[in-house]
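Fold and geometry: a report
In case you want the letters, here they are:
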Amino acid sequence: MPDFAARRRTMVDTQIRPSDVTKFPIIEAMLEVPREAFVPDAKREAAYAEEMIDLGDGRVLPEPRTFGKMLDALNIQDDEAVLDVAAALGYSTAVTAHLAQFVVAVEEDVAMAGEAQSLLSEAGADNAVVHHGPLAEGAAEHGPYDAILVQGGVEQVPEALLAQLKEGGRIACTFVEDGVGTVRIGHKSGGKLSWRYAFNAGGQVLPGFAKQPEFSL
């Protein structure tokens, strides 16, 4: 039988810590949550690989390094509410639930949403809930949020999502331009977002996050 706990420790020691992710709550959460439980059975052997995992239907689970560094940049506190967009089977939500007071996972694939809720319950993430609906619409009824985490690539961030971010809140997105991805952290101040570069990363553009074509007469 595979020793997934050992693989989890190796992931943290070789992918997370060397990427300057040093906050102990993040390290502890990534050591605690069984990543292999949140991928399709056929992908369990690859759960701790240093790569994105194909979840089917154009969706992927970001590589551990990208996710860890996004969490580090967001600096989530234990009294904060977090929106986890494109949660898929719930791995990111399970980890974030160790850091935040409350997490809302948004998933538009009905099968993934249902499985994510079951897996989160099994993982004991009692402070997390799965919202089934369009990714780009978020989950306004549970907001506003101190932090928003988008698990995939974006070309633009819908205003409906940004409106759910509290004043002083943060959002992490992987912007994809000409096939190149960069993670940026947005800070909301005075009702406006200011973005700063964080690091390079890969990502596939999520449904609802592509740029709309511009029409001109």
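Residues numbered from 1 in each chain as written. Predicted model: local features only at pLDDT ≥ 70, side-chain atom pairs only at ≥ 80, totals over all residues. Heavy atoms only, no water.

Here we look at the nonpolar core
If you look at the biggest cluster of nonpolar residues, it comprises 49 residues, and the most contacted ones within it are Met 30, Leu 71, Ile 76, Tyr 91 and Val 95. Top element by residues in this core is helix H5 (residues 110-122). It accounts for five residues. When near neighbours in sequence (up to four residues on either side) are disregarded, Val 95 contacts Ala 29, Met 30, Val 33, Phe 67 and Leu 71. Formed by 22 residues, the second largest nonpolar core is a distinct cluster that contains Ala 81, Val 85, Tyr 145 and Leu 161. (Core = buried A, V, L, I, M, F, W, Y, C linked by side-chain atoms within 4.5 Å. Buried < 20%, exposed > 50% of the residue type's maximum accessible area, 1.4 Å probe, protein only. Helix = DSSP H or I, 4+ residues; strand = E, 2+ residues; numbered from the N terminus. Contact = heavy atoms within 4.5 Å.)

Regarding helix H3 (residues 64-74)
Burial analysis of H3 places nine of its 11 residues in the buried class, which makes it a mostly covered element. Of all the positions in H3, only Pro 64, Thr 66, Phe 67, Gly 68, Lys 69, Met 70, Leu 71, Asp 72 and Leu 74 are classed as buried.

Brief notes about the pattern of salt bridges
For the coordinates displayed, the defined rule picks out eight salt bridges. Lys 23 is paired through a salt bridge with Asp 72; the nearest N and O atoms lie 3.1 Å apart. With Lys 23 in the loop between helix H1 (4-16) and helix H2 (24-32) and Asp 72 in helix H3, this pair connects stretches of sequence that are 49 residues apart. Across the pair Asp 146 and Lys 166 runs a salt bridge, and its minimum N-O distance is 3.4 Å. (Salt bridge = Lys/Arg side-chain N within 4 Å of Asp/Glu carboxyl O.)

Details of the environment of Met 112
As for its position among the elements, Met 112 is in helix H5. Along the primary structure Met 112 and His 132 are separated by 20 residues, whereas in three dimensions their C-alpha atoms are 9.2 Å apart. Excluding anything up to four places from it in sequence, Met 112 contacts Leu 55, Gly 56, Arg 59, Ala 88, Leu 89 and Glu 107.

Some thoughts on the packing of aromatic side chains
Aromatic ring pairs are defined here through the distance separating the ring centres and the angle between the ring planes. Under the definition given, this model contains four aromatic pairs. Between Phe 4 and Tyr 48, the ring centres sit 6.4 Å apart and the planes meet at 40°, which makes this aromatic pair tilted. Note that Phe 4 is positioned in helix H1 and Tyr 48 in the loop between H2 and strand S1 (53-56), a separation of 44 residues in sequence. Across this residue pair, the class does not change: Phe 4 and Tyr 48 are buried. Through a chain of ring-to-ring contacts, three or more aromatic side chains come together here, namely Phe 38, Phe 67 and Tyr 91. Here Lys 69 stacks its cationic end above the ring of Phe 199, 5.0 Å away from the centre of that ring. (Phe/Tyr/Trp six-rings, centres within 6.5 Å; stacked < 30°, edge-to-face > 60°. Lys NZ or Arg CZ within 6 Å of the ring centre and 35° of its normal.)

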